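# Summary of the model geometry
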Amino acid sequence: MQPRFDRDGKNWGILPVPHSSHESAYGQIEVPVGVIRNGAGPTILLVAGNHGDEYEGQFVLRRLFRETEPSDVGGRILIVPCANPPAVFASSRTSPLDQGNLNRLFPGERSGGPTAIIANTMTEILLPLADYLVDLHSGGSSLEYLPSTIIQRVRDEKIYAMQQDMARAFAAPLSLVYDALPGLERSLSGTAIYMGVPSIATELGGGGVCTPGTIEIGYRGVRGVLGRLGLLTAQDPRAAGETLFVDTNTDYLRSPDDGFFEPRAELGDDVEEGQIAGLLHRFSDLDEAPRLLRFGSAGRVVCRRAQTRSGRGDCLFHTAKAA
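Residues numbered from 1 in each chain as written. Predicted model: local features only at pLDDT ≥ 70, side-chain atom pairs only at ≥ 80, totals over all residues. Heavy atoms only, no water.

Glancing now at the nonpolar core. Among the nonpolar cores identified, the biggest contains 33 residues, and Ile-44, Leu-46, Ile-77, Leu-136 and Val-225 are the most heavily contacted of them. Those elements that place two or more of their residues in this core are β3 (43-47), α1 (56-67), β4 (75-80), β5 (132-135), α4 (157-170) and α6 (212-228). Residue contacts for Ile-77: discarding those within four places in its chain leaves Gly-34, Val-35, Ile-36, Ile-44, Leu-46, Leu-226 and Leu-231. In this structure, Leu-78, Val-80, Ile-117 and Leu-127 belong to the second largest nonpolar core, which totals 25 residues. (Core = buried A, V, L, I, M, F, W, Y, C linked by side-chain atoms within 4.5 Å. Buried < 20%, exposed > 50% of the residue type's maximum accessible area, 1.4 Å probe, protein only. Helix = DSSP H or I, 4+ residues; strand = E, 2+ residues; numbered from the N terminus. Contact = heavy atoms within 4.5 Å.)

Here is the structure:
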């Protein structure tokens, strides 16, 4: 049964995405969507599971759907906790069906592979209903982030101001501010902005694990945004938090070769240009000295590689400065 978007109350259903395979000629991928509606008001679209190995947002949105009653709401909340089911069930960033990265395939295409069709379905059915978007991500299996919101600098001053306001309401420790980068225009949030929908994303930890702290930041953050937009009628009892806006276009330290990375800095550290970032070991010869890697600029460590084994070009650290 498909969700009822026009009905007051709380309901959920599935958006069917056709997928014909050897095992199921008339098969489909089922994307679950929850709807909580109470009268007139704005509509917000909340999404998680865009990447299948990022579970923090999925736990947050499932909890939100369970614990929020229509009487708590003024307007409409659309909840998609598992946007890419094949990737989620495989605990993979990309879909095992076609290796598609959902967050690089928007706005999608009807005649594409299954992941592109999911993107197209969300673009044609869900985004036109939305006045605002929050897309919950984390670092997944390969990266770990300080809990952060993400906003894109855009030319539309009204949308950019609203995105900043939503980030302040989310009140994560950091807000990462991106310029337009290759690939971002094919993301869910990039497509939403193109359609005139103010959008923020998050990075809620990662490293292949979830923690109570990151999940709580996500849950409180989403409720903070809902409250700021007037979608929650009950006041959130938490004290208002603050977020530090940082410019993410500072420095990425990438592995210069294949090897095993031994870090010398922690998430949240403030580092200086030339400071030792870590050692890259090859382990092929017992007497081979590791390669010394240094930070290319000063800043705060907002992201690090979660896996020790690293390939040439892998991001080891990302540093950013106050915006």
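Scanning the model with the defined rule gives 4 aromatic pairs in all. Seen from their ring centres, Phe-295 and Phe-317 are 5.2 Å apart, and the 45 degrees between their planes marks the pair as tilted. Pair noted here: Phe-295 is in the loop between β14 (291-294) and β15 (299-305) and Phe-317 is in strand β17 (residues 315-322), with a separation of 22 residues, a long-range link. In this structure Phe-295 comes out as buried when scored by relative accessible area, which is 2%. Since its relative accessible area comes to 1%, Phe-317 is described here as buried. (Phe/Tyr/Trp six-rings, centres within 6.5 Å; stacked < 30°, edge-to-face > 60°.)

Right, let's get into α4. With 14 residues, α4 extends 20 Å between its outermost C-alpha atoms, agreeing within 8% with the 20 Å of an ideal straight helix rising 1.5 Å per residue. Burial in α4 covers these residues: Ile-159, Tyr-160, Gln-163, Met-166, Ala-167, Ala-169 and Phe-170. By the N-cap criterion, in which a side-chain oxygen at the helix start approaches the backbone nitrogen of a residue two or three places on, α4 is capped by Asp-156, the distance to Lys-158 being 3.0 Å. Of the residues trailing α4, Ala-171 is marked for its positive phi of about 60 degrees. (Expected span 1.5 Å × (residues − 1). Polar contact = N/O pair within 3.5 Å; in protein donor to acceptor, adjacent residues only side chain to side chain.)

It is worth spelling out α1 at this point. Given a rise of 1.5 Å per residue, 12 residues ought to cover 16 Å, and the 17 Å separating the end C-alpha atoms of α1 matches this to within 8%. Next to the buried residues of α1 lie β1 (9-18), β2 (28-38), β3, β4, α2 (85-89) and α6.

This part is about the state of the cysteines. Here a disulfide denotes a covalent bond joining the sulfur atom of one cysteine to the sulfur atom of another. Here the structure, examined in full by the defined rule, presents 0 disulfides. With no disulfide of its own, Cys-210 lies 14 Å from the sulfur of Cys-82, the closest cysteine sulfur. (Disulfide = S-S within 2.5 Å.)

Right, let's talk about the sheet that holds strand β16 (residues 309-310) for a bit. Pairing is antiparallel across the open sheet formed by 4 strands, whose spatial order is β14-β13-β11-β16. Each edge of the open sheet is held by one strand with a lone partner, namely β14 and β16. (Pairing = 2+ DSSP bridges.)

Turning our attention to the side chain of Asp-135. Within the secondary structure, Asp-135 is located in strand β5. At 8.1 Å, Arg-104 is the nearest oppositely charged side chain to Asp-135, a buried residue that forms no salt bridge. There is a polar contact of 2.7 Å between the side chain of Asp-135 and the side chain of His-137. (Lys, Arg positive; Asp, Glu negative; His and termini not counted. Salt bridge = Lys/Arg side-chain N within 4 Å of Asp/Glu carboxyl O.)

Describing two packed helices takes the angle between their axes plus the distance from one axis to the other. Close contact between α1 and α6 brings their axes to 9 Å; oriented N to C, the two are set at 55 degrees. Between α1 and α6, the interaxial angle falls into the category oblique. By crossing handedness, the relation of α1 to α6 is classed as right-handed. In contact with Glu-56, Phe-59, Val-60, Arg-63, Leu-64 and Glu-67 of α1, α6 contributes Thr-214, Ile-215, Glu-216, Gly-218, Tyr-219, Val-222, Arg-223 and Leu-226. Its residues assigned to classes, the contact of α1 with α6 shows 7 nonpolar, 2 polar and 5 charged. (Axes fitted to C-alpha atoms, helices over the stretch in contact; angles between N-to-C directions. Parallel < 35°, antiparallel > 145°, perpendicular 65-115°, else oblique. Left-handed = near helix turned anticlockwise from the far one by under 90°. Nonpolar A, V, L, I, M, F, W, Y, C, P; charged D, E, K, R; others polar.)

Of all 6 residues that make up strand β13 (residues 276-281), 5 are buried, and the element is covered over most of its length. Pairing analysis gives 4 bridges linking strand β11 (residues 259-263) to β13, with the strands arranged antiparallel. Paired with Pro-263 across the strands is Gly-278, a residue of β13. The pairing of β13 with β14 spans 4 bridges and is antiparallel. What sits directly across from Ile-276, in β14, is Arg-294.

With that settled, the discussion passes to the packing of α4 against α6. Running from N to C, α4 and α6 point in directions that differ by 130 degrees, and their axes come no closer than 7 Å. Judged on the interaxial angle alone, α6 and α4 are oblique. Crossing of α4 against α6: the hand is right-handed. Every residue of α6 that contacts α4 at Asp-165, Met-166, Arg-168, Ala-169 and Phe-170 is listed here: Ile-217, Gly-218, Gly-221, Val-222, Gly-224, Val-225 and Arg-228. Considered class by class, the residues forming the contact of α4 with α6 number 6 nonpolar, 3 polar and 3 charged.

This paragraph deals with the pattern of salt bridges. This structure, assessed with the given rule, holds 17 salt bridges. A salt bridge links Glu-67 to Arg-63; the shortest N-O distance between them is 3.3 Å. Here Arg-63 and Glu-67 lie together in helix α1, a separation of 4 residues that amounts to about one turn. The partly exposed category is assigned to Arg-63, whose relative accessible area is 23%. Across the salt bridge formed by Asp-179 and Arg-153, the nearest N and O atoms sit 2.8 Å from each other. Within this pair, whereas Asp-179 is found in the loop between β8 (174-178) and α5 (188-194), its partner Arg-153 is found in the loop between β7 (148-152) and α4, the two being separated by 26 residues in sequence. Judged by relative accessible area, Arg-153 falls into the partly exposed class, the value being 29%.

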